[in-house]
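Breakdown of the fold
Each chain is listed here by its residues.
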Amino acid sequence: LNKKENKFLGKKLTIVFRSSGVRTVPFDRFEYGKILYDKTAEIIENLSDEIKKKTLLRLHPNYKKGIYFAFDNFIKKNKYLKIDNKTKYHKLLIDSKIVIFNDFSSGFLQNLTLNYPSIVFSPLGLSFIHEENKADFEELIKIKLIFTDVKSLNNHLNKIWNNTETWWNDTSNVKVRKIFLEKYSLKPPSNGLNEFSNILKKFN
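Cut-offs used in this document
- Residues numbered from 1 in each chain as written.
- Predicted model: local features only at pLDDT ≥ 70, side-chain atom pairs only at ≥ 80, totals over all residues.
- Heavy atoms only, no water.
- Buried < 20%, exposed > 50% of the residue type's maximum accessible area, 1.4 Å probe, protein only.
- Helix = DSSP H or I, 4+ residues; strand = E, 2+ residues; numbered from the N terminus.
- Arc of directions from axis to C-beta.
- Phe/Tyr/Trp six-rings, centres within 6.5 Å; stacked < 30°, edge-to-face > 60°.
- Salt bridge = Lys/Arg side-chain N within 4 Å of Asp/Glu carboxyl O.
- Contact = heavy atoms within 4.5 Å.
- Pairing = 2+ DSSP bridges.
- Axes fitted to C-alpha atoms, helices over the stretch in contact; angles between N-to-C directions.

So, about helix 7 (residues 150–160). Listing the buried residues of helix 7 in full gives Val150, Leu153, Asn154, His156, Leu157 and Ile160. End-on, the buried residues of helix 7 take up no more than an arc of 165°, which puts them together on one face. Along helix 7, exposed side chains directed more than 90 degrees from the buried face belong to Lys151 and Lys159.

Following this line, the structure appears as structure tokens:
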């Protein structure tokens, strides 16, 4: 609500991490988290030197050292990496040329709505998406907003980094995003806060 659409591109590659996970689900959430963090490290390692220098990590607030040792060592080894968990998220968006989410996130939908170039890496593909929704998400794969393979994601990033606007503003890209957002992330009205407030008042 009350957020303006992005009109320009920043300079950084911002990678937004999913949480480390908690034992509240009937599967090994920590093992899945390890996959996400290991794959993200692989993505970073295979970026061009130019992009690496402009990469910023937004770790989830619940990330703590000692959960994923391999990723801890990766950060320790690569001193060039910058971690920022203090700056307000919206400020990071303004400074970003591209945002990568290392798993599906409502933040990805918000970014698309606000026109911030964003990509999702999904190591499990679309296996968890309902069959009736898969076609919509497959369209995002076609326009390179969702990747299931590290090498393909890296090739894409290295290719478009110096010409991100051409990819993002491509007619077919814009058309697919518009259709997708109409189904999954409608932009709130400009007076949305007042409308929401009036709804709440009815329950007093």
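Scanning all chains against the criterion turns up twelve aromatic pairs. Judged by centre distance (5.2 Å) and plane angle (35°), the rings of phenylalanine 17 and tyrosine 37 are tilted. Residue phenylalanine 17 is located in the loop between strand 1 (12–16) and helix 1 (29–45), and its partner tyrosine 37 is located in helix 1; the two are separated by 20 residues in the primary sequence. Relative accessible area serves as the criterion here: at 4%, phenylalanine 17 is assigned to the buried category.

The final tally for this structure, using the stated rule, is six salt bridges. A salt bridge links aspartate 38 to lysine 34, with the nearest nitrogen and oxygen atoms 2.8 Å apart. With aspartate 38 and lysine 34 both in helix 1 and four residues apart, the pair spans about one turn of that helix. Under the relative-accessibility criterion, aspartate 38 is labelled partly exposed at 28%. One salt bridge connects lysine 134 with glutamate 131, and the closest N-O pair in it is separated by 3.1 Å. Here lysine 134 pairs with glutamate 131, and both are found in helix 6 (residues 131–142), just three residues apart, close to one helical turn. Lysine 134 gets classed as buried once you look at its relative accessible area, which sits at 19%.

What follows concerns the side chain of serine 118. With respect to the helices, strands and loops of the structure, serine 118 is situated in strand 5 (residues 118–121). If we skip the residues at most four places from it in the chain, serine 118 touches Val99, Phe101, Phe108, Asn111, Leu145, Trp167 and Trp168.

Our focus in this paragraph is the sheet that holds strand 1. Strand order in this open sheet of six strands is 3-2-1-4-5-6, and the pairing throughout is parallel. Across the chains shown, the open sheet's two edge strands, defined by having one partner strand only, are strand 3 (82–83) and strand 6 (146–147). On top of the sheet, helix 7 reaches strand 1, strand 4 (96–101), strand 5 and strand 6; it is set at about 165° to strand 5, its chief contact.

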